[in-house]
Amino acid sequence: MFNFVFQRDQMDCGPACLEMICNHYGKSFGVNYLREKCFVNREGVSLSGIREASENLGFEVITGKLTTDSFENDMLPCILHWNQDHFVVLYRISKSYFNNKKTYKIADPAHGLISLEEDKFKGAWLSDEEKGIAVFFEPTEKLYEQEVHGEKSSSLKDMIKYIKPYRRQLFYMFLFLLLGTVSTLAFPILTQKLIDDGVDKKNVNVIFFVLVAQLFLFIGNMVFSVFRNLIALNIGTKINIDVISDFLMKFVKLPIKFFDTKLLGDFNQRIQDHDRIEQFFTSNSLMTLFSLITFSVFFGILWYYNITILLTYLLLTVLSILWSLFWMKKRKSLDYFRFRQKSENQEAIYEIINGISEMKLNQYESFKISEWKKIQKKLFKINVRILKLDQVQLSGFDFINQLKNIVVTFLAANFVIKGNMTIGELLSVSYIIGQMNSPINQIITFFRSLQDARLSLDRLDEVQNHKEEESTNQKKLSVGNDVEEKGITLKNVYFQYEGSDSDYILKNISLDIPEGKITAIVGASGSGKTTLLKILLKFYEPLLGEITINNDNLKDISPKALRENCGVVMQDGYIFSDTIERNIATNDNNINFDKLRHAMQIANILDFVMKLPLKTKTKIGMSGIGLSGGQKQRILIARAIYKNPHYLFFDEATSALDAENEKVIHNNLQEFFKGKTVIIIAHRLSTVKSADQIIVLKNGEIVEKGNHNELVNSKADYFNLVKNQLELGN
């Protein structure tokens, strides 16, 4: 049987296929590890990324365009480029004994193991000239010498820590369940007494007392159920908060690079998965425990009545459970498919909501809605498959259960006719059989809930097992008068987003950024300016080279400590759905309103804010809805100023401002910049003209350095960038 691996997220098809290849040769590295090796991004994975990762693992890799006649089973498994936007594994080709037709066995990480006839296979694989792309693998000694980077899976035991704080509530819940169980167990005995000692003997008093006892037991059971459900709700809610809180805390500690490969829908679906874990622990586990207790007690009573009936019941019960468990594996694969489609569905909804303005402007609504409908159709098909499987599973289970009830009733009636049982015992046995079916149903529910919880844990493990951005051996950033060597130095820095075949975004960057000075970085779009800034902020690590800040290697500095000393305005800076003051002061619990006013004044937004009815208490909509682009940028600038940091990084911070506002803010900032190390990325000459040094980037390389006058006089790249913005003769 081929060792199949599901893709956990929408962009994971390549790493999942490579993991299947590794498993075939007896090695398992884990999809998380392979994702980094394959250079997965939000667009997915490239063929070159898979090839480079495979070679690093220890495979000899051959990539080529082939016809379907080129395949032989001894060449397999191999990875195929599928439908021009996906990767699958071809692991076997079989021929029919009757018509000699080929069947291609495909492991699709998004859909499972599938078999295709040659025509359908060609339609999905062939790209042009009747050929398709395939990647073949030959293991070397290096592969078997590689250290296995297995992924630690969270077990259900790891989740027990969330239950421990609620032991007292669980005890009370346990107590109410026990009382409810005991009251339920009294019903068959009372039923027998009602018939044998009441009806048969025509004793009205017995009938009256038995019925009153049943009424009180029913009321008691109802009260126990109410309290039990209240406790379950309380525990469940708190556990859910604890689990999601820990997930989010881990989530925000991950490096920025991790989020480059993820879509919003993937994360949101994982958070929703917590509900299944919480339900398993708070409801299904306890209910199953008491179902087993109930079943055991009824088991003993049924044994007391008749061993033949008991054995018949057990035989058919085991058969019904085995039938249900048989379908669990198929249900597991469908759960992966549903997760992926729900993730795509949520991503599409977010895009429609967030992009509504652009959609209307560009008449894009119909197309996006039709794309969403396609996702719904896929989700519908998966739900139909799940429904069909559930119907087959439940119908078979119910049929066996009903057959069991009929057979047991027949045996009991036969024993009454033969005089081996009383009518009261017959009714009591019928009641017991009905009550014992409920625990069996609960056991099946438990197994399904257990499977759901394990699947959810597997998906959460990807976040929980990922290396955090901060580590204990990192140092604080050295700033202040005690630092002997000050400034930022870059030596021979190289960076690329994908594998070795991809273009360098930065090439051989050597640069000194002096302490307390303003350094401007200019260049055409795509020259690497923003990437350089993100590397300095430790969003990414350079591929080669060294960066030091105050003579400390950047890789040894804590990212949190670095950013605490940095005021940053990015091109895509985010405005939170909160008040203006909170958007500026962010994590400052006790807002310093003098600092707040000063920051708004420098950012030239004070007058605008003071004219609002609630002033700084004014709530801003999601992502700054209701604010102009210039107003958003001024709030972001005020946010950076409020921190009063040692370093200031501005990436096109005034690009959305009109000339008048830009001039006012530029003049205000000059005083604020004194004594601070400032890096400004900008296209406008007015923003960079007064910088102490200007760095010109072109195609990822530094082509010029100097101040404004020096670079203008050289009449090279800088001159060409700005000659149309001002009359350079002035």
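What comes next is a walk through the structure. The structure displayed is predicted, hence computed values, not measured ones. (Residues numbered from 1 in each chain as written. Predicted model: local features only at pLDDT ≥ 70, side-chain atom pairs only at ≥ 80, totals over all residues. Heavy atoms only, no water.)

**Focus on the packing of aromatic side chains**
1) Next: What the rule picks out here adds up to 18 aromatic pairs.
2) Next: Ring centres 6.3 Å apart and planes at 80 degrees place the aromatic pair Phe-71 and Phe-121 in the edge-to-face group. Taken together, the positions of Phe-71 in the loop between β1 (59-66) and β2 (78-82) and Phe-121 in helix α4 (residues 118-125) put the pair 50 residues apart, joining distant regions of the chain. With respect to burial, Phe-71 and Phe-121 carry one shared label: buried.
3) Next: Here Phe-650 and Phe-673 contribute two aromatic rings whose centre-to-centre distance is 6.0 Å and whose plane-to-plane angle is 65 degrees, an arrangement assigned as edge-to-face. With Phe-650 in strand β13 (residues 647-651) and Phe-673 in the loop between α21 (659-672) and β14 (677-681), the pair connects residues that are 23 residues apart, well separated along the chain. There is no split in this pair, since Phe-650 and Phe-673 are both buried.
4) Next: One aromatic cluster is present, formed by Phe-71, Trp-82, Tyr-104, Phe-121, Trp-125 and Phe-136 through successive ring pairs.
5) Next: Across from the ring centre of Tyr-642, 4.5 Å away, lies the NZ or CZ of Lys-595, which sits over that ring. (Phe/Tyr/Trp six-rings, centres within 6.5 Å; stacked < 30°, edge-to-face > 60°. Helix = DSSP H or I, 4+ residues; strand = E, 2+ residues; numbered from the N terminus. Buried < 20%, exposed > 50% of the residue type's maximum accessible area, 1.4 Å probe, protein only. Lys NZ or Arg CZ within 6 Å of the ring centre and 35° of its normal.)

**Quick look at the pattern of salt bridges**
1) Next: In the structure shown here, the tally under the stated rule is 9 salt bridges.
2) Next: The shortest N-O distance in the salt bridge between Arg-563 and Glu-469 comes to 2.7 Å. Of this pair, Arg-563 sits in helix α16 (residues 559-564) while Glu-469 sits in the loop between α14 (423-464) and β7 (488-495); the two residues are 94 residues apart in sequence, bridging distant segments of the chain.
3) Next: Given a relative accessible area of 22%, Arg-563 falls into the partly exposed group.
4) Next: Judged by its relative accessible area of 15%, Glu-469 falls in the buried class. (Salt bridge = Lys/Arg side-chain N within 4 Å of Asp/Glu carboxyl O.)

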